[in-house]
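Each chain, written out:
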Amino acid sequence: MTTEVHILLVEDTESDAVLITRQIHKLDKNYKVQVVDNLSDLEVAIKTFNPQLIISDYNLPTCTGMEVLEVSRDKSPTAIFLFVTGTLQDEELAAETILNGADGFILKKHISVLALKLSPYIDKIKNRPIIVQNTRNRIKQSTDLVSDIKNYMDDINKENITHQERIAKIREHLEKIKKSL
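Just so it is clear, the model here is predicted, and its values are computed rather than measured.

1. Some remarks on the overall build of the protein chain
Along the protein chain, the regular secondary structure elements total six helices and five strands. Put simply, the protein chain runs from its N terminus to its C terminus through helices and strands in the order β-α-β-α-β-α-β-α-β-α-α. Radius of gyration (C-alpha) of the protein chain: 23 Å, far over the 16 Å computed for a compact globule of 181 residues. Viewed in the frame of its principal axes, the protein chain has a C-alpha envelope of about 85 × 40 × 30 Å. Looking at the protein chain as a whole, 36% of its 181 residues are labelled buried. Within the protein chain, residue pairs in contact and separated by at least 24 positions form 69% of the contacts whose partners lie at least 6 positions apart. Placing the 24 positive and 27 negative side-chain charges of the protein chain at their respective mean positions leaves the two points 6 Å apart.

2. Points about the packing of aromatic side chains
The geometry of an aromatic ring pair comes down to the distance between the two centres and the angle between the two planes. Across all of its chains, the model carries two aromatic pairs by this definition. Their ring planes at 80 degrees and their centres at 5.0 Å tell us that phenylalanine 81 and phenylalanine 83 sit as a pair that is edge-to-face. On the accessibility criterion, phenylalanine 83 (0% relative accessible area) is buried. Through pairs of rings, three or more aromatic residues link up here, namely Tyr58, Phe81 and Phe83.

3. Details of helix H3 (residues 65-75)
Listed as buried for H3 are Gly65, Met66, Val68, Leu69, Val71 and Ser72. Close packing links the buried residues of H3 with strand E1 (6-10), helix H2 (39-49), strand E3 (53-56), strand E4 (80-85) and helix H4 (91-99).

4. Some details on the nonpolar core
Core analysis: the biggest nonpolar cluster contains 20 residues, and Leu8, Val10, Leu42, Ile54, Val68 and Phe81 have the highest contact counts within it. Discounting chain neighbours no more than four positions away, the residues touching leucine 42 are Leu8, Val10, Val36, Val68, Val71 and Ser72.

5. Some details on the sheet that holds strand E5 (residues 104-107)
Overall, parallel pairing links the five strands, which are arranged E2-E1-E3-E4-E5 in an open sheet. Lying at the two open borders of the sheet, with one neighbouring strand each, are strand E2 (32-36) and E5. Each adjacent strand pair in this sheet contributes to an overall mean axis angle of 20 degrees, direction not counted. Judged from the four bridges that link them, E1 and E3 form a sheet pairing that is parallel. What sits directly across from valine 10, in E3, is serine 56. Its contacts with the sheet put helix H5 (residues 114-126) on E1, E3, E4 and E5, and the angle it makes with E4 is roughly 170 degrees.

6. Observations concerning the pairing of E2
The side chains of a regular strand alternate, residue by residue, between the two faces of the sheet. Pairing geometry for E1 and E2, over five bridges, is parallel. Across the sheet, residue histidine 6 finds its bridge partner in E2, namely lysine 32. Note on the crossover from E1 through helix H1 (residues 14-27) to E2: the handedness is right-handed.

Rules behind the numbers
Residues numbered from 1 in each chain as written. Predicted model: local features only at pLDDT ≥ 70, side-chain atom pairs only at ≥ 80, totals over all residues. Heavy atoms only, no water. Helix = DSSP H or I, 4+ residues; strand = E, 2+ residues; numbered from the N terminus. Rg over C-alpha atoms; globule rule 2.2 N^0.38 Å. Buried < 20%, exposed > 50% of the residue type's maximum accessible area, 1.4 Å probe, protein only. Contact = heavy atoms within 4.5 Å. Lys, Arg positive; Asp, Glu negative; His and termini not counted. Charge placed at Lys NZ, Arg CZ, Asp CG, Glu CD. Phe/Tyr/Trp six-rings, centres within 6.5 Å; stacked < 30°, edge-to-face > 60°. Core = buried A, V, L, I, M, F, W, Y, C linked by side-chain atoms within 4.5 Å. Pairing = 2+ DSSP bridges. Axes fitted to C-alpha atoms, helices over the stretch in contact; angles between N-to-C directions. Right-handed = clockwise from strand over helix to strand, strands pointing away.

Structure (structure tokens):
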């Protein structure tokens, strides 16, 4: 039985995205890879693509890697998260990413052996017991449901405010009518 692996790549440089995808497909051509380059697309992809592995550059034009990590951990807490970047030369920054929840980082200067470096993380995904995979899927569904309920409640609250404003305008108009009589 082969485990379907969904990998979400957060990368703004097209050539790097192509190289990283090529390295991933060296491990298995059937791995599904989706590429995004901003936080809003990241949130949508997490919801619709349900990645097991999220790989992110650290410096993006619209956000930082730490913001990508924060959204990823919030929206997909069971996914493995890696930085593949050229900017984590600073050991302190690399340690900070790990302390904030990243599972690891790989420097882009090692991109030619990325498949080898990704292999243990992919093996970890593939070797998760079926109960873990099912639990992961149920957590994802529950998280999505809670998010949908929150959005629904926000919409109802906005409608309530609109109705209250309309009622206030009607009362104001009635008061004007009473005064004119």
